[in-house]
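Here are the chains, one letter per residue:
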Amino acid sequence: MNALVGESLSIITYKAQTTRHRIMGILNGDDFQMIFSDTPGIVNVANKLHEQMLGFINGALKDADVFLLVTEIGEKLKNEKVFEKIINSKIPVVLVLNKIDISKQEIVNQMIEYWQSIIPRAVIIPASAKEKFNIDKIRQTLYDFLPENPPYFPQDELTDKSMRFFASEIIREKILLNYDKEIPYSVEVAIDQYKEEPNIDRISAIIYVERESQKNIIIGKGGRMIKQVGIQARKDIEDFSGKHTFLNLFVKVKDNWRNNAKDLKYFGYDNK
């Protein structure tokens, strides 16, 4: 979505399950408005958080005029129930085979054949978001499928999310990049305070973990790790907002929050 919209609205890491929420990106042209609904990746459910993530996907499927399915070389079918909804629908499907810049042509051809057998009606476009290869072709293909409607959003809007949301996502991105194994997936970030002043934004954020041992890992020896996360996150928040930022990070334990309905609702995972 970032490449298509031209703005960094969704956090990107090399790890699976990076996206947890449904994020809208709005692309305006002289005679069109495309609203991209970036959802979590399709997962096999292991906890209530995963259930909510699949809920965001199902919500997007109901709203869509075009299904834009983004996959990567080597990635195959997951969660057949979700794919059944796509396959059995009459809504157009554009399947983007991303990251072809790091694969051989023979493998790319095999993956095209594989996905064409799964979704015969899909328009399959090999692409590289990193190299901007075939991005214009994807936009044009989507444009050709779009129905005629009045615009849903003003021309100057880029997304439906607030700066508080993006600040929390940027912090979570740095946690995904700086910690290994289960730690990043046990973490949620909540903005406790976001105070906008003329020359600076003052942000206080809480990093929630599920166990005390995880809290110690997040903080690191002498506070080294959390300081590193804070420095990286502050820089990206400043780049995104265009303002100087003071960022204060705290770490708290919220036991088993990924399976607690009340906690999930507090963190914005509520599909009702």
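That block above? That's the structure.
Worth saying up front: this structure is predicted, and the values here are computed from it rather than measured.

**Q** Describe the sheet that holds strand β7 (residues 200-209), with residues and values.
**A** Overall, mixed pairing links the 3 strands, which are arranged β6-β7-β8 in an open sheet. Both edges of this open sheet fall to β6 (188-196) and β8 (244-253), since each of them pairs with a single strand only. On average, each strand axis in the sheet is inclined to that of its neighbour by 20°, with strand direction left out of account. As paired elements, β6 and β7 share 8 bridges and run antiparallel to each other. Bridge pairing in β7 links V189 to I207. This element, helix α8 (residues 224-241), spans β7 and β8 of the sheet and lies at about 135° to β8.

**Q** Lay out the packing of helix α6 (residues 163-178) against α8 in plain terms, naming residues and giving numbers.
**A** Running from N to C, α6 and α8 cross one another at 140°; their axes reach a closest spacing of 9 Å. By the criterion of interaxial angle, the relationship of α6 to α8 is oblique. Classified by chirality, the crossing of α8 by α6 is right-handed. Note on element contacts: α8 touches α6 through M225, Q228, V229, Q232, A233, D236, I237, F240 and S241, opposite M163, F166, A167, I170, I171, E173, K174, I175 and N178.

**Q** I'd like to hear about helix α5 (residues 135-145), residue by residue, with values.
**A** Listed as buried for α5 are I135, I138, T141 and L142. An end-on view of α5 places all buried positions within 125° of arc, on one side of the element. Opposite the buried face of α5, by more than 90 degrees, sit the exposed residues D136 and D144. Looking at the buried positions of α5, the neighbouring elements they touch are α1 (2-5), β2 (33-38), β3 (67-72), β4 (93-98) and β5 (123-126).

**Q** Just give me the short version of the pairing of β2, but keep the residues and values in it.
**A** Strand direction decides the pairing type here: strand β1 (residues 23-28) and β2, joined by 6 bridges, are antiparallel. In the sheet register, G25 faces β2, and the bridge partner there is F36. Hairpin connection, β1 to β2: the antiparallel pair is bridged by 4 residues.

**Q** Mind laying out the environment of Q193, listing which residues take part and the relevant values?
**A** By the secondary structure assignment, Q193 is in strand β6. Relative accessible area serves as the criterion here: at 46%, Q193 is assigned to the partly exposed category. Considering only alpha carbons, one finds Q193 and I219, 26 residues apart in sequence, at a separation of 20 Å. Residues within four places of Q193 in sequence aside, it is in contact with R164, R202, I203 and S204.

**Q** Account for the pattern of salt bridges, naming residues and giving values.
**A** Here the structure, examined in full by the defined rule, presents 15 salt bridges. Between R258 and E182 there is a salt bridge, and its shortest N-O distance comes to 2.7 Å. One end of the pair, R258, is in the loop between β8 and α9 (261-266); the other, E182, is in the loop between α6 and β6, and 76 residues separate them in sequence. For R258, a relative accessible area of 13% puts it in the buried group. When the shortest N-O distance is used, the salt bridge between E210 and R258 registers 2.8 Å. Of the two residues, E210 sits in the loop between β7 and α7 (212-219) while R258 sits in the loop between β8 and α9, which places them 48 residues apart along the sequence.

**Q** Requested: an account of the nonpolar core, with residues and values cited.
**A** Core analysis: the biggest nonpolar cluster contains 32 residues, and L95, W115, I119 and Y269 have the highest contact counts within it. Of all the elements in the fold, those that place two or more residues in this core are α2 (48-63), β3, α3 (80-88), β4, α4 (105-118) and β7. Residue contributions to this core peak at 6 residues, all from α2. Residue contacts for I119: discarding those within four places in its chain leaves L69, I86, I87, V93 and L95.

About the criteria used
Residues numbered from 1 in each chain as written. Predicted model: local features only at pLDDT ≥ 70, side-chain atom pairs only at ≥ 80, totals over all residues. Heavy atoms only, no water. Pairing = 2+ DSSP bridges. Helix = DSSP H or I, 4+ residues; strand = E, 2+ residues; numbered from the N terminus. Axes fitted to C-alpha atoms, helices over the stretch in contact; angles between N-to-C directions. Contact = heavy atoms within 4.5 Å. Parallel < 35°, antiparallel > 145°, perpendicular 65-115°, else oblique. Left-handed = near helix turned anticlockwise from the far one by under 90°. Buried < 20%, exposed > 50% of the residue type's maximum accessible area, 1.4 Å probe, protein only. Arc of directions from axis to C-beta. Salt bridge = Lys/Arg side-chain N within 4 Å of Asp/Glu carboxyl O. Core = buried A, V, L, I, M, F, W, Y, C linked by side-chain atoms within 4.5 Å.

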